[in-house]
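Chain and residue survey
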Amino acid sequence: LQAKMILDKNYEIAKIDERIYGSFIEHLGRAVYGGIYEPGHPEADEQGFRKDVIELVKELQVPIVRYPGGNMVSAYNWEDGVGPKEDRPRRLELAWRVIETNEVGTNEFVDWAKKVNSDVMMAVNLGTRGIDAARNLIEYTNHPSGTYWSDLRRSHGYEQPHNIKTWCLGNEMDGPWQVGHKTAYEYGRIAQETGKAMKLVDPTIELVACGSSNTGMPTFPEYEATTLDIAYEQVDYISLHQYYGNRNNDAANYLAKNMDMDHFIKTVRATCDYIKAKHRSKKTINLSFDEWNVWYHSNDADKKIEPWTIAPPQLEDHYNFEDALLVGSMLITFLQHADRVKMACLAQLVNVIAPIMTENNGRSWKQTIFYPYMHASIFGRGVSLKPILSSPKYDSKDFTDVPYIDSAAVYNEEKDEVTIFLVNKHLEDAITVTTDVRSFEGYSLVEHIILENDDLKAVNTVDHQAVAPHTNSESKLGDGILEARLPKTSWNVIRLK
Ligand code: AHR
């Protein structure tokens, strides 16, 4: 099979906001306790953070990490997690029905984020709490000194403010599972008033309002429209969340699911612009896709977990090869929408639906999805270009006209580099893609990285990386024409310089 593509340095979508390679750490399962933090582990540093995990996170070059939830934030008292550890209360954590020890809280997480070279995207509790707790928290984290909450931070050993710039106004408030679930009207009002108070404390912050928890929500996209109608002038981003699974074991349909994500992004973008027009506003609301991933493998195991334990193995999906392909396609979808999707968080980062896994008191290792995420994060910085692609197509159970090839391209002018990301979704055949790259005169092929496996269900384990990338030397670039053979069901990264 054949596909054709034209790539021109003038066909710009937008400069990529590197925060689309963000991730997420929630106080959930073994993400914090036994994941990033395990005092007593041979690799633990002086604060109890695992250095082996820090190194793996650094390999991913994660620019921003959302914290502390997630569903957990909707019943969280941030004050429980600051000050002397011996005074911190143990609480029933209602979202995941575990015991939260509060050994790690805001200050420790900010320290950890520095160790992995990330910024923090902080969420406030708009479930059980509201304006007062949020304005106190931002005074604690961002105000320099001379007031009750800022001086309390200083007394906790943090002389300088943390200056956290990005804040989520609650989490999935449209979801009936959320503690303190709200109608769009109720949420719009509390988001508006909390955002107002927070920006009075620190006008330099940016705020993310909750949108829909997934495209299947009955209130989608009215929730976004109502919320933005009320809070338009206060907020800067609207949040999108989406997880996919292959429950029916239908690979062709599963690999097409980023088309649903594409539809989600287009709908939310249109909703934002409708409210913009309605308000005669000059301000544009951008999109923060702050939870996305594959999530379904662990659903049954989670039902068997005893409630009220500490850091049980919740949401521990073991990802296979086909999951890595869909993750790659989802990253491509973000790049195709680089003009409006300015933040995105792979949910999550360690142990909980994560690219990085750990053994308690043992080793850490890379899941299959680690690789497309790493490639996109490392090579996907610059300007997103619009590839003009003609690819053969197929129909699946839920989708029609699915291109067998997904593609995105990134031009990094400073480094004089172009990277093309491609997924071949064909279950049986390789596809040769011929790309006109004549606008990149004098460039040559650096490498063609491939993630492939004969078994769509192949998984990595702590002992064996069955799914890991390799480079291929068959691809050719000559006279401005790049010819690359993409093996059946493969993730491909082609780098030119
Ligand atoms: O990431 C796991 C959970 O998924 C989050 O806590 C919640 O926001 C979403 O439903």
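Definitions and cut-offs
- Residues numbered from 1 in each chain as written.
- Predicted model: local features only at pLDDT ≥ 70, side-chain atom pairs only at ≥ 80, totals over all residues.
- Heavy atoms only, no water.
- Helix = DSSP H or I, 4+ residues; strand = E, 2+ residues; numbered from the N terminus.
- Rg over C-alpha atoms; globule rule 2.2 N^0.38 Å.
- Buried < 20%, exposed > 50% of the residue type's maximum accessible area, 1.4 Å probe, protein only.
- Contact = heavy atoms within 4.5 Å.
- Areas by Shrake-Rupley, 256 points an atom, 1.4 Å probe, with all protein chains shown as cover.
- Pairing = 2+ DSSP bridges.
- Patch = residues over 30% accessible without salt bridge, like charges linked within 9 Å, V, L, I, M, F, W, Y side chains within 5 Å.
- Salt bridge = Lys/Arg side-chain N within 4 Å of Asp/Glu carboxyl O.
- Lys, Arg positive; Asp, Glu negative; His and termini not counted.
- Charge placed at Lys NZ, Arg CZ, Asp CG, Glu CD.
- Phe/Tyr/Trp six-rings, centres within 6.5 Å; stacked < 30°, edge-to-face > 60°.
- Lys NZ or Arg CZ within 6 Å of the ring centre and 35° of its normal.
- Near = heavy atom within 4 Å.
- Polar contact = N/O pair within 3.5 Å; in protein donor to acceptor, adjacent residues only side chain to side chain.
- Nonpolar A, V, L, I, M, F, W, Y, C, P; charged D, E, K, R; others polar.
- Axes fitted to C-alpha atoms, helices over the stretch in contact; angles between N-to-C directions.
- Left-handed = near helix turned anticlockwise from the far one by under 90°.
- Right-handed = clockwise from strand over helix to strand, strands pointing away.
- pLDDT = per-residue confidence, 0-100.

1. Considering the overall build of the protein
- A tally of regular secondary structure across the protein gives eleven helices and 26 strands.
- The C-alpha atoms of the protein give 22 Å as radius of gyration, which agrees with the globular expectation for 497 residues (23 Å, within 12%).
- With respect to the principal axes defined by its C-alpha atoms, the protein has extents near 65 × 60 × 45 Å.
- The burial tally for the protein puts 63% of its 497 residues in the buried class.
- The long-range fraction of contacts in the protein, counting pairs at least 24 apart against all pairs at least 6 apart in sequence, stands at 78%.
- Only carbon and sulfur atoms are counted for the fraction: they give 49% of the accessible area of the protein, which is about 18900 Å².

2. Digging into the pairing of strand E19 (residues 405-412)
- Taken across its eight residues, E19 has eight buried, putting it largely inside the fold.
- Alternating residues of E19 divide into Ile405, Ser407, Ala409 and Tyr411 and Asp406, Ala408, Val410 and Asn412, and every residue in both groups is buried.
- By the bridge criterion, three bridges tie strand E15 (residues 383-385) to E19 in an arrangement that is antiparallel. Pairing of Ser384 across the sheet is with Val410, part of E19.
- Strand direction decides the pairing type here: E19 and strand E20 (residues 417-424), joined by eight bridges, are antiparallel. Within the sheet, the bridge partner assigned to Ala408 lies in E20 and is Phe421.
- The hairpin turn running from E19 into E20, its antiparallel successor, is four residues long, and Asp416 in that turn takes a positive phi close to 55 degrees.

3. Some thoughts on a negative patch on the surface
- On the surface, Glu12, Glu413, Glu414 and Asp416 cluster together into a patch of negative charge.
- Within the fold, Glu414 resides in the loop between E19 and E20.

4. Some remarks on the packing of aromatic side chains
- This structure, assessed with the given rule, holds 19 aromatic pairs.
- Ring-pair connections join several aromatic residues into one group, and the members of that group are Phe220, Phe264, Phe289, Trp292 and Phe334.
- It is Arg66 that lies over the ring of Phe24; its NZ or CZ is 4.7 Å from the centre.

5. Looking at the site of the ligand
- Every one of the 13 residues lining the ligand counts as a neighbour, but Glu26, Asn71, Glu172, Tyr243 and Glu291 are closest to it.
- In the environment of the ligand, an oxygen atom lies 2.6 Å from a nitrogen or oxygen atom belonging to the side chain of Glu26.
- Within the side chain of Asn171, a nitrogen or oxygen atom sits 3.0 Å from an oxygen atom of the ligand.
- Notes on the ligand: free accessible area 280 Å², of which the protein chains cover 96%.
- A class-by-class count of the residues in the shell around the ligand yields six nonpolar, four polar and three charged.

6. Let's talk about a nonpolar patch on the surface
- A surface patch of nonpolar side chains, about 250 Å² in accessible area, is lined by Ile6, Tyr11 and Ile388.
- Tracing the backbone shows Tyr11 in the loop between strand E1 (2-6) and strand E2 (12-15).
- Owing to a relative accessible area of 36%, Tyr11 belongs among the partly exposed residues under this scheme.

7. Considerations on the environment of Ile164
- The residue Ile164 is located in the loop between helix H4 (148-155) and strand E8 (166-169) in this model.
- A relative accessible area of 4% means that Ile164 is categorised as buried.
- Not counting the four nearest positions on each side in its chain, Ile164 is found in contact with Val110, Val120, Met122, Thr141, Asn142 and Ile205.

8. Focus on the pattern of salt bridges
- Under the counting rule described, the total for this entry stands at 36 salt bridges.
- Of the charged contacts in the structure, one is a salt bridge between Arg50 and Glu38, with a shortest N-O distance of 2.8 Å. Separated by twelve residues along the polypeptide, Arg50 in the loop between strand E3 (22-24) and helix H1 (51-60) and Glu38 in the loop between E3 and H1 bring together distant segments of the chain.
- Residue classification places Glu38 among the buried positions, given a relative accessible area of 13%.
- Among the ionic contacts, a cluster of salt bridges with common partners joins Glu417, Glu447, Arg495 and Lys497.

9. A short note on the packing of helix H5 (residues 184-201) against helix H6 (residues 222-231)
- Where H5 contacts H6, the axes come no closer than 8 Å and their chain directions differ by 35 degrees. Crossing of H5 over H6 shows right-handed handedness. From H5, Ala184, Tyr185, Tyr187, Gly188, Arg189 and Gln192 reach across to H6, where they touch Tyr223, Thr226, Thr227, Ile230 and Ala231.
- Of the residues that constitute the contact of H5 with H6, the class distribution is six nonpolar, four polar and one charged.

10. With respect to the sheet that holds strand E24 (residues 476-478)
- The mixed open sheet is built from five strands, whose spatial order is E16-E1-E21-E25-E24. Unpaired on one side and paired on the other, strand E16 (388-390) and E24 mark the two borders of the sheet. Pairwise comparison of adjacent strand axes, ignoring direction, gives a mean angle of 15 degrees for this sheet.
- Pairing of E1 with E16, which is carried by three bridges, proceeds in the antiparallel orientation. Across the sheet, residue Lys4 finds its bridge partner in E16, namely Ser390.

11. Regarding the pairing of strand E9 (residues 206-209)
- Looking at chain direction, E8 and E9 are connected through four bridges and run parallel. Bridged to Trp167 within E9 is Leu207.
- Taking the sense of rotation as the criterion, the β-α-β connection linking E8, H5 and E9 turns out right-handed.
- Bridge analysis of E9 against strand E10 (residues 237-244) gives two bridges, and the strand direction is parallel.

12. A closer look at the confidence of the model for the protein
- Averaged over all residues, the pLDDT of the protein is 98; the fraction at 70 or higher stands at 100%.
- Interface confidence for the predicted complex, given as ipTM, is 0.99, next to a pTM of 0.98.

13. Considering H6
- Of all the residues in H6, the buried ones are Tyr223, Glu224, Ala225, Thr227, Leu228 and Ala231.
- Its buried side turned inward, H6 meets H5, E9, E10 and helix H8 (258-278).

14. With respect to the side chain of Thr271
- By the secondary structure assignment, Thr271 is in helix H8.
- Take Thr271: its relative accessible area is 9%, and that puts it in the buried class.
- One polar contact links the side chain of Thr271 to the main-chain carbonyl oxygen of Thr267, over a distance of 2.7 Å.
- Once you skip the residues sitting within four places of it in the chain, Thr271 turns out to touch Pro221, Glu224 and Ala225.

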